[in-house]
Amino acid sequence: VLISNYVLGPANCYKSLAFHTFCCLNECDAVLTEVERSVGGPSAQPDVILPLLENLTTSSMDEPRPLSTGLVAKLSGIAANNGGEVPLHGRLFA
């Protein structure tokens, strides 16, 4: 029930008619799901996460893109403040 409520939430819907509502999944959710599946836990070291993120593609990206040095530094900073691992579920990794 929670998943269907989330998918059909107003933030993911763009058009409502008398009998239909058009809703879309958030593309970021698919990326996080792939990272979670690959990591196999609630957190991981940056050297595990970086190759995953740099090799992901989405419907809006034709090919993988390298992360900027700024994003890599932020990921390392998150890990430094969390015992060497980046928590996947929280505002810092979003």
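A brief look at the structure comes next. Keep in mind that this is a model prediction, so the values were computed, not measured.

## Structural notes on the overall build of the protein
Scanning the protein for helices and strands turns up four helices and four strands. Listing every helix and strand of the protein by position from the N terminus yields α-β-β-α-β-α-α-β. Total accessible area computed for the protein in this model is approximately 6,900 Å², and 59% of it derives from carbon and sulfur atoms.

## Focus: the environment of glutamate 36
With respect to the secondary-structure elements, glutamate 36 resides in helix 2 (residues 27–39). For glutamate 36, a relative accessible area of 25% gives the class partly exposed. Taking C-alpha positions, glutamate 36 is 9.7 Å from isoleucine 49, a pair spaced 13 residues apart along the chain.

## Quick word on the nonpolar core
Within the largest apolar cluster, 12 residues are counted, these being Val35, Val39, Ala44, Ile49, Leu50, Leu56, Leu75, Ile78, Ala79, Val86, Leu88 and Phe93. Listing elements by their share of this core, those giving two or more residues are helix 2, helix 3 (46–54) and helix 4 (69–80). Apart from residues no more than four positions distant in its own chain, isoleucine 49 is found in contact with Ala44, Leu75, Val86, Leu88 and Phe93.

## Thoughts on the packing of helix 3 against helix 4
In a packed pair of helices, the relevant descriptors are the angle between the two axes and the axis-to-axis distance. Their axes nearest at 10 Å, the elements helix 3 and helix 4 cross at an angle of 150°. When you trace helix 3 past helix 4, the crossing you get is right-handed. Every residue of helix 4 that contacts helix 3 at Pro46, Ile49 and Leu50 is listed here: Val72, Leu75, Ser76 and Ala79. Of the residues belonging to the contact of helix 3 with helix 4, the class tally is six nonpolar, one polar and no charged.

## Looking at helix 4
In an α-helix, one turn spans 3.6 residues, which is why side chains three or four residues apart end up on the same side. Taking 1.5 Å as the rise per residue, helix 4 with 12 residues should run 16 Å; its terminal C-alpha atoms sit 16 Å apart, in good agreement. Listed as buried for helix 4 are Leu75, Ile78 and Ala79. Within helix 4, the buried residues cover an arc of 100° as seen down the axis, which keeps them to one side. Facing away from the buried side of helix 4 by over 90 degrees, the exposed positions are Thr69, Lys74 and Ala80. Summarising the contacts, the buried residues of helix 4 are in contact with helix 3 and strand 4 (86–87).

## Digging into helix 3
Taken together, the buried positions of helix 3 are occupied by Pro46, Ile49 and Leu50. Down the axis of helix 3, the sector holding all buried residues measures 105°, keeping them to one side. Looking at the packing, one finds that the buried side of helix 3 touches strand 3 (43–44), helix 4 and strand 4.

## Looking at the packing of helix 2 against helix 3
In contact at an axis separation of 10 Å, helix 2 and helix 3 are set at 135° when each is read in the N-to-C sense. Here helix 3 runs oblique to helix 2, going by the angle between their axes. Two packed elements cross with a definite hand, and for helix 2 against helix 3 that hand is right-handed. Contact residues: Val31, Val35, Ser38 and Val39 in helix 2; Val48, Leu52 and Leu53 in helix 3. A breakdown of the residues in the contact of helix 2 with helix 3 according to their chemical character gives six nonpolar, one polar and no charged.

Cut-off values and rules
Residues numbered from 1 in each chain as written. Predicted model: local features only at pLDDT ≥ 70, side-chain atom pairs only at ≥ 80, totals over all residues. Heavy atoms only, no water. Helix = DSSP H or I, 4+ residues; strand = E, 2+ residues; numbered from the N terminus. Areas by Shrake-Rupley, 256 points an atom, 1.4 Å probe, with all protein chains shown as cover. Buried < 20%, exposed > 50% of the residue type's maximum accessible area, 1.4 Å probe, protein only. Core = buried A, V, L, I, M, F, W, Y, C linked by side-chain atoms within 4.5 Å. Contact = heavy atoms within 4.5 Å. Axes fitted to C-alpha atoms, helices over the stretch in contact; angles between N-to-C directions. Left-handed = near helix turned anticlockwise from the far one by under 90°. Nonpolar A, V, L, I, M, F, W, Y, C, P; charged D, E, K, R; others polar. Expected span 1.5 Å × (residues − 1). Arc of directions from axis to C-beta. Parallel < 35°, antiparallel > 145°, perpendicular 65-115°, else oblique.

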